[in-house]
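Overview (structure and organization)
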Amino acid sequence: MPKQPQDSQRRIEGTPRVIVTRHLMPSVEARMEELFDCRLNREDRPMSRDELVAAMQDCDILVPTVTDTIDGEMIAAAGDRLRLIANFGAGTDHLDLRACAERRIMVTNTPGVFTDDTADIAMEMIIGVPRRVREGVALVRRGEWTGWAPSHLLGRKLGGKVLGIVGMGRIGQAVAHRAKAFGLEIAYHNRKPLPEAVERMFGARYVAELDDLLAEADIVTLHCPHTKDTHDLIDARRFALMKDGVSLINTARGELVDIDALVDALEAGKLAGAGLDVYPNEPEVDPRLLAFPNVMTLPHIGSATIEGREASGEKIIANIRFWIDGHRPPDQVLDALV
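Given the structure is predicted, the values throughout are model-derived calculations rather than measurements.

Points about the sheet that holds strand β6 (residues 162–166)
Ordered in space as β8-β7-β6-β9-β10-β11-β12, the seven strands form an open sheet in which the pairing is parallel. Looking at which strands have only one partner, the edges of the open sheet turn out to be β8 (204–206) and β12 (295–297). Averaged over all neighbouring strand pairs, the angle between strand axes comes to 15 degrees, with direction disregarded. Here helix α7 (residues 170–181) sits on the sheet and contacts β6, β7 (185–189) and β9 (219–222); the angle it forms with β6, its principal contact strand, is near 170 degrees.

Regarding unusual backbone geometry
The omega torsion of the bond from Glu-282 to Pro-283 falls at 10 degrees, within 30 degrees of zero and hence cis. Summarising the element assignment, Pro-283 is placed in the loop between β11 (271–276) and α12 (287–290). Even without a glycine there, the phi angle at Arg-132 is positive, about 60 degrees. Take Arg-132: it is sitting in the loop between α5 (115–128) and α6 (133–141).

Observations regarding the UniProt feature "domain: D-isomer specific 2-hydroxyacid dehydrogenase NAD-binding" (unreviewed entry) in the chain
Taking the numbering used here, the UniProt-annotated feature "domain: D-isomer specific 2-hydroxyacid dehydrogenase NAD-binding" (unreviewed entry) corresponds to residues 124–302. Within the segment residues 124–302, helix and strand shares are 33% and 17% respectively, and the terminal C-alpha atoms sit 10 Å apart.

Overview of the environment of Asp-235
Locating Asp-235 in the fold gives a position in the loop between β9 and α10 (236–241). What makes Asp-235 partly exposed here is its relative accessible area of 24%. Remark: the alpha-carbon pair of Asp-235 and Glu-216, spanning 19 residues in sequence, is separated by 17 Å. When sequence neighbours within four positions are dropped, the list of residues in contact with Asp-235 reads Asp-258 and Ala-261.

A few points about the domain arrangement of the chain
According to the domain assignment, the chain contains domain 1 (17–113 + 305–325) and domain 2 (115–297). Its C-alpha centre places domain 1 at a distance of 31 Å from the equivalent point of domain 2. In terms of surface lost to domain 2, no three residues of domain 1 exceed Asp-93, Gly-112 and Thr-305, which account for 62% of the buried area on that side. One can count one salt bridge joining domain 1 with domain 2. Between Asp-93 and Arg-253 there is a salt bridge whose closest N-O contact spans 3.1 Å. On the surface where domain 1 and domain 2 come into contact, there are three residue pairs in polar contact (both at pLDDT 80 or more). Here the residues of the side of domain 1 that touches domain 2 sort into three nonpolar, four polar and one charged.

A look at the packing of α5 against α7
Packing of α5 against α7 leaves a shortest axis separation of 9 Å and a crossing angle of 50 degrees. Taken together, the axis directions place α5 and α7 in an arrangement best described as oblique. Between α5 and α7 lies a crossing of right-handed hand. Residue-level inspection shows Thr-115, Asp-116, Thr-118, Ala-119, Asp-120, Ala-122, Met-123 and Ile-126 of α5 in contact with α7, the latter providing Arg-170, Ile-171, Ala-174, Val-175, Arg-178 and Ala-179. Of the residues assigned to the contact of α5 with α7, the class counts are eight nonpolar, two polar and four charged.

Cut-offs applied
Sequence positions are assigned chain by chain, starting from 1 and proceeding in written order. Local features are withheld for residues below a pLDDT of 70 in this predicted model, meaning they are given only at 70 or higher, and side-chain atom pairs are given and counted only at 80 or more; totals for whole chains, interfaces and linings count all residues. Values shown for side chains rest on all heavy atoms present in the structure; no hydrogens or waters enter the calculation. Following DSSP output, two strands are said to pair if at least two bridges run between them. The helix count covers DSSP runs of H or I at least four residues long, the strand count covers runs of E at least two residues long, and both are numbered beginning at the N terminus. Every angle, taken between N-to-C directions, lies between 0 and 180 degrees, and every axis is a line fitted to C-alpha atoms, over only the stretch in contact when it is a helix. Two residues form a contact once any of their heavy atoms are found within 4.5 Å. UniProt positions are given in the numbering used here, feature names are shortened, and annotations may be inferred rather than shown by experiment. Think of it in three bands: residues with accessible area under 20% of the maximum for their type are buried, residues over 50% are exposed, and the middle band is partly exposed, with areas taken using a 1.4 Å probe on protein chains only. The split into domains, and so the bounds of each, comes from an automatic or database assignment of domains. Summed over both partners, buried area is the accessible surface (1.4 Å probe) that two parts give up on being assembled. Here a salt bridge means any side-chain nitrogen of Lys or Arg lying within 4 Å of a carboxyl oxygen belonging to Asp or Glu. Whenever a nitrogen or oxygen atom comes within 3.5 Å of another N or O atom, the pair is scored as a polar contact, on the condition that within protein one atom can donate a hydrogen and the other can accept it, and that pairs from neighbouring residues in sequence are kept only if both atoms are in side chains. Asp, Glu, Lys and Arg are counted as charged, while Ala, Val, Leu, Ile, Met, Phe, Trp, Tyr, Cys and Pro are counted as nonpolar; the rest, among them Gly, fall into the polar class. Comment on the angle field: the value is read as roughly parallel under 35 degrees, roughly antiparallel over 145, roughly perpendicular from 65 to 115, and oblique elsewhere. Less than a right angle of anticlockwise turn of the near helix away from the far helix marks a crossing as left-handed, whereas a clockwise turn marks it as right-handed.

Here it is, written out as structure tokens:
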């Protein structure tokens, strides 16, 4: 991990200018305006690349979100004023962290506040895809339901099935906690196993090879970050390893799944269905996915709770205030000094 330079924590003379790229919770924006020279985006219109560069040139602190891709070229064009990027959200794969370190720009995030919210949405799809909830809702809304029948819309029960969790960080563990109550057997793949006491708490077992986990899981749920190593992590080869009738759930990043391979697997009947809250190139959604009745498509709402969004904004304010006072922010992403 790149090291973090000391002078990124320098004091700002006067009130620092903060530019916020998206509309946040009203209580958070009001507090920011009290504390800082704040430029808000109440229209909530995503900024273009050029607009983001112009914003970085005109502020001490930028508050971006997952919708703002900021690469090394943009960081290089930011000028010398920008010293802190206080990201709204835990994920930072949309930011070039190495370029930030090289330009002595500190980066903070807001970990932990969306853990339960995202796990709830994942669990909703872990239940909803095997039980064909999306198909049932569509049937009723079309006015085509003709009443209860013993062989109609049969899904798969959860109890006793193997839930394969890919990535056992905060969210993966929160999903395991919920899934245990539904009688699912928890198997997980991670860079390294959790402590034995944590595994016992969840009734989870470690599978060292991802391919082995995919081969045994009845439901696969993704909770790992998007990196160059995890891009298209679930591709045609890995779909072929899976059981027939498997369900795939993705609330992490759209780039983890090769969409062409997913479409092929759905067309071949390999999957019972898929639950997706994230997509490559958001807000675009591949129209082929929308044509499948067994694909549950959500508009990236894993973190969309009032409580979570307020807590994330409060973390941003705390990180900024620590930094202004010359202290290390509690949620600094880049650690030590180059």
